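# Structural overview
Here are the chains, one letter per residue:
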Amino acid sequence: MNTPLVAVAHGSRDPRSAAAVAELVEVVRARRPGLDVRTAFLDLSAPLLSDVLATLRGPVVVAPLLLGRAFHARVDLPGLVAEAERDRPRLSVTVTDVLGPDDRLEAAVLRRLAEAGVRPGDPSLGVVLAATGSSHAPANARVHDIARRWSARFGWAGVRVAFATAEPGVAAAAAALRARGARRIAVASYFLAPGLLPDRVAARAAEVEGVVAVAAPLGAAVEVADLVLARYDESLLAGVRSA
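Let us look at the structure shown here. (Residues numbered from 1 in each chain as written. Predicted model: local features only at pLDDT ≥ 70, side-chain atom pairs only at ≥ 80, totals over all residues. Heavy atoms only, no water.)

Before going further, it helps to spend a moment on the side chain of R231. By secondary structure assignment, the location of R231 is in helix α8 (residues 222-242). Not counting residues within four places of it along the chain, the set of residues in contact with R231 comprises T96, D97, V98, L99, P101, D102 and R104. (Helix = DSSP H or I, 4+ residues; strand = E, 2+ residues; numbered from the N terminus. Contact = heavy atoms within 4.5 Å.)

Encoded structure:
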């Protein structure tokens, strides 16, 4: 019997977010027919992870649909899993790594940017890589690492990070790009699903002169679905090796 996969997202009061997560999980199911794949949320959306785990026993793999190792990945999720295992002795949960950083995740971000009309090789264009932001500095640093690599690789005037909940914001990132010679600005979306924070970034971008494109969140990108399955497979392989 296949070990069930529970894909758990943060959750949001915005119904678009849960809908996007559901669409992504449907792509995961389509990529791996026969696998028991379930959707769960840490907060704000249903079903909650605790409720989903209450329906399961034996080995379970939980795959966080989180782009980085910020508070939710480091504190919230382990706490919920420990509580579930404590309450249900027959339950054994393995939590996979988060989605980022990973080349497949970046490929999905770049594809969404291309769908917004932005491609490499334009030295008059600056790209803002917009992400949530965290009080955990290493999580922010990983997004800055992506921006530095893209800046060196893709032939744009530059790539700068902007955070929805931290500094720098979109305006500061755009100003830094204009200082490097960018005449137009595009915004890449390092967000899994639509909601309050991507909307905040889009609103800030609308206030900045020269912004010509804002990419959509990742949503049901096939690259992300394949990455979720890769994290699942890696966790099962690690379990076999440690047995």
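As a further point, take the sheet that holds strand β1 (residues 5-9). Taken in spatial order, the 4 strands line up as β2-β1-β3-β4 in an open sheet, and their pairing is parallel. Where the open sheet ends on each side, the last strands, each with one partner, are β2 (37-41) and β4 (91-95). Strand-to-strand twist across the sheet, computed as the mean angle between neighbouring axes with direction ignored, equals 30 degrees. Of the pairings in the sheet, the one linking β1 to β2 comprises 5 bridges and is parallel in character. (Pairing = 2+ DSSP bridges. Axes fitted to C-alpha atoms, helices over the stretch in contact; angles between N-to-C directions.)

On to unusual backbone geometry. Along the chain, G100 connects to P101 via a cis peptide bond; the corresponding omega equals -5 degrees. One can find P101 in the loop between β4 and α4 (103-115). In this structure, P168 follows E167 across a cis peptide bond, with omega equal to 0 degrees. Within the element layout of this structure, P168 appears in the loop between β6 (158-163) and α6 (170-179). Despite not being glycine, L44 has its phi angle at roughly 70 degrees, a positive value. With respect to the element layout, L44 can be found in the loop between β2 and α2 (49-53). The class for L44 is partly exposed, based on a relative accessible area of 37%. (Buried < 20%, exposed > 50% of the residue type's maximum accessible area, 1.4 Å probe, protein only.)

This next bit is on the environment of A202. For A202, the location among the structural elements is in helix α7 (residues 196-206). In this structure A202 comes out as partly exposed when scored by relative accessible area, which is 31%. Sequence separation between A202 and N2 is 200 residues; the distance between their C-alpha atoms is 41 Å.

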